[in-house]
Amino acid sequence: MQTPNLPAIRALRPAWNKGWIVGQKRPLKPKHVWAIRVRLELAERHRDLALFNLAIDSKLRGCDLVKMKVVDVMASGKIKERASVMQSKTRKPVRFEISEGTRSSLARWMREPLMIRSEFLWPGRIHERLHISTRQYARIVRDWVTSIGLEASAYGTHSMRRTKVTQIYKKTGNLRAVQLLLGHTKMDSTVRYLGVELEDALAIAEAIEI
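Residues numbered from 1 in each chain as written. Predicted model: local features only at pLDDT ≥ 70, side-chain atom pairs only at ≥ 80, totals over all residues. Heavy atoms only, no water.

In the nomenclature of an unreviewed UniProt entry, the protein chain corresponds to Site-specific tyrosine recombinase XerC from the organism Phaeobacter italicus.

J.: Just to check I follow, could you spell out the overall build of the protein chain for this structure?
T.: Counting its regular elements, the protein chain contains ten helices and four strands. Mapped in sequence order, the helices and strands of the protein chain form the string α-α-α-α-β-β-β-β-α-α-α-α-α-α. Contacts in the protein chain between residues far apart in sequence, at least 24 positions, make up 57% of those at least 6 positions apart. Counting every atom, the protein chain has about 13,800 Å² of accessible surface; 54% of that belongs to carbon and sulfur. (Helix = DSSP H or I, 4+ residues; strand = E, 2+ residues; numbered from the N terminus. Contact = heavy atoms within 4.5 Å. Areas by Shrake-Rupley, 256 points an atom, 1.4 Å probe, with all protein chains shown as cover.)

J.: In this structure, what is going on with the packing of aromatic side chains? I would like to understand it.
T.: Any pair of aromatic rings gets described here by the distance separating the centres and the angle formed by the planes. Counted according to the given criterion, the structure contains one aromatic pair. Both rings, one in Phe-52 and one in Trp-144, keep their centres 5.1 Å apart while their planes meet at 85°; by these two values the pair is edge-to-face. With Phe-52 in helix H2 (residues 46–58) and Trp-144 in helix H6 (residues 134–147), this pair connects stretches of sequence that are 92 residues apart. Neither Phe-52 nor Trp-144 differs from the other in exposure class; each is buried. Its end group placed over the ring of Trp-34, Arg-37 keeps NZ or CZ at 4.9 Å from the ring centre. (Phe/Tyr/Trp six-rings, centres within 6.5 Å; stacked < 30°, edge-to-face > 60°. Buried < 20%, exposed > 50% of the residue type's maximum accessible area, 1.4 Å probe, protein only. Lys NZ or Arg CZ within 6 Å of the ring centre and 35° of its normal.)

J.: Would you explain the environment of Met-68 in this entry?
T.: When you line up the elements, Met-68 lands in the loop between helix H3 (62–65) and helix H4 (70–73). If we skip the residues at most four places from it in the chain, Met-68 touches Leu-54, Leu-60, Val-73, Val-85, Phe-96, Phe-120, Leu-121 and Trp-122.

J.: Just to check I follow, could you spell out unusual backbone geometry for this structure?
T.: What you tend to see is this: most non-glycine residues have negative phi, and most peptide bonds are trans. One non-glycine residue, Lys-59, adopts positive backbone phi at about 60°. Residue placement: Lys-59 occurs in the loop between H2 and H3. Positive phi is not limited to glycine here, since Ser-76 has a value of about 55°. By secondary structure assignment, the location of Ser-76 is in the loop between strand E1 (74–75) and strand E2 (78–79).

J.: How should I be thinking about the pattern of salt bridges in this particular structure?
T.: Pairs can form between side chains of opposite charge once their charged atoms are near each other. Summed over all chains, the structure comprises seven salt bridges. The closest approach of N and O atoms between Arg-47 and Asp-48, which form a salt bridge, is 3.0 Å. Note that Asp-57 is salt-bridged to Lys-164, the shortest N-O span being 3.0 Å. Separated by 107 residues along the polypeptide, Asp-57 in helix H2 and Lys-164 in helix H7 (residues 157–172) bring together distant segments of the chain. (Salt bridge = Lys/Arg side-chain N within 4 Å of Asp/Glu carboxyl O.)

J.: What's the story with the side chain of Arg-47 in this structure? I'm lost.
T.: Of note, Arg-47 is situated in helix H2. Those residues within four positions of Arg-47 in sequence are excluded, and the remaining contacts are Trp-109, Trp-122, Arg-125, Ile-132 and Ile-140.

J.: Could you clarify how one ought to interpret the pairing of strand E4 (residues 93–97) in this entry?
T.: Side chains on a regular strand alternate between the two faces of the sheet. What you see with E4 is a clean split: Val-94 and Phe-96 sit on the buried side and Pro-93, Arg-95 and Glu-97 on the side with no burial. Relative to E4, strand E3 (residues 82–86) is paired through five bridges, and the arrangement is antiparallel. Across the sheet, the residue bridging to Met-86 is Pro-93, located in E4. Connecting E3 to the antiparallel partner E4 that follows it, the hairpin turn spans six residues, and Arg-91 within it adopts a positive phi of roughly 60°. (Pairing = 2+ DSSP bridges.)

J.: Looking at this structure, how should I read a positive patch on the surface?
T.: The grouping of Arg-26, Lys-29, Lys-31 and Lys-170 at the surface amounts to a positive patch. By the secondary structure assignment, Lys-170 is in helix H7. (Patch = residues over 30% accessible without salt bridge, like charges linked within 9 Å, V, L, I, M, F, W, Y side chains within 5 Å. Lys, Arg positive; Asp, Glu negative; His and termini not counted. Charge placed at Lys NZ, Arg CZ, Asp CG, Glu CD.)

J.: So what exactly am I meant to see when it comes to the nonpolar core here?
T.: Soluble, globular proteins show a tendency: their nonpolar side chains are buried together. Ranked by size, the top nonpolar core spans 39 residues in total, and within it Leu-54, Met-68, Leu-121, Trp-122, Tyr-137 and Trp-144 carry the most contacts. The set of elements that each furnish at least two residues to this core consists of helix H1 (30–42), H2, H4, E3, E4, helix H5 (100–110) and H6. When residues of this core are assigned to their parent elements, the largest contribution, seven residues, is made by H2. Val-165, Tyr-169, Leu-175 and Val-178 belong to the second largest nonpolar core, which has seven residues in total. (Core = buried A, V, L, I, M, F, W, Y, C linked by side-chain atoms within 4.5 Å.)

Dropping the structure here:
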């Protein structure tokens with residue numbers, strides 16, 4: 001009697017993301033931003049404060065933020081009010097503002113001994129590493145959000161990128177402005193990135209009277 005070939009039985013493995021919050025990371029709320037800033041200022045963590053402020057102002061992806069150079073934000077010994085960075089993903093430049101508070105924190109960071117003759121804005125502490133890595137940046141962001149009692153799995157480096165544009169969109173409803181600030185080539189990307197839904201569109205339409 002021939003024995004039928006039965007399918008192999010494999011042990012079920014738990015999902016890699018079990019218990020994690022997956023999908024888009026939440027933007028920080030204004031109260032979260034100020035809470036983190038206050039903690040960094042009180043702790044005199046000058047690099048982290050400058051990095052936090054510039055991450056919000058620049059709205060850059062983590063891979064572009066960590067590779068920023070001093071010349072990107074400084075000219076003739078002064079911090080620029082506006083800067084431009086070439087995006088790694090799109091190979092297109094994106095411009096952004098550097099607010100007064102961010103300029104002040106950057107100027108303070110520039111006076112640190114670690115920044116003497118440094119080409120990169122966020123130099124690595126290991127000799128063979130020219131700048132901090134994206135993984136290091138992710139750990140820094142996790143420390144920021146957990147320091148004010150937020151769930152680490154709900155936030156990430158993209159939270160920093162989304163924080164300011166989310167507020168801009170809520171206050172103006174101007175998707176085109178957000179698209180330019182994020183450096184997206186397609187409006188669809190901006191819509192998905194912000195999580196714009198039909199209810200948002202209707203709320204904007206209802207606020208306009210002709």
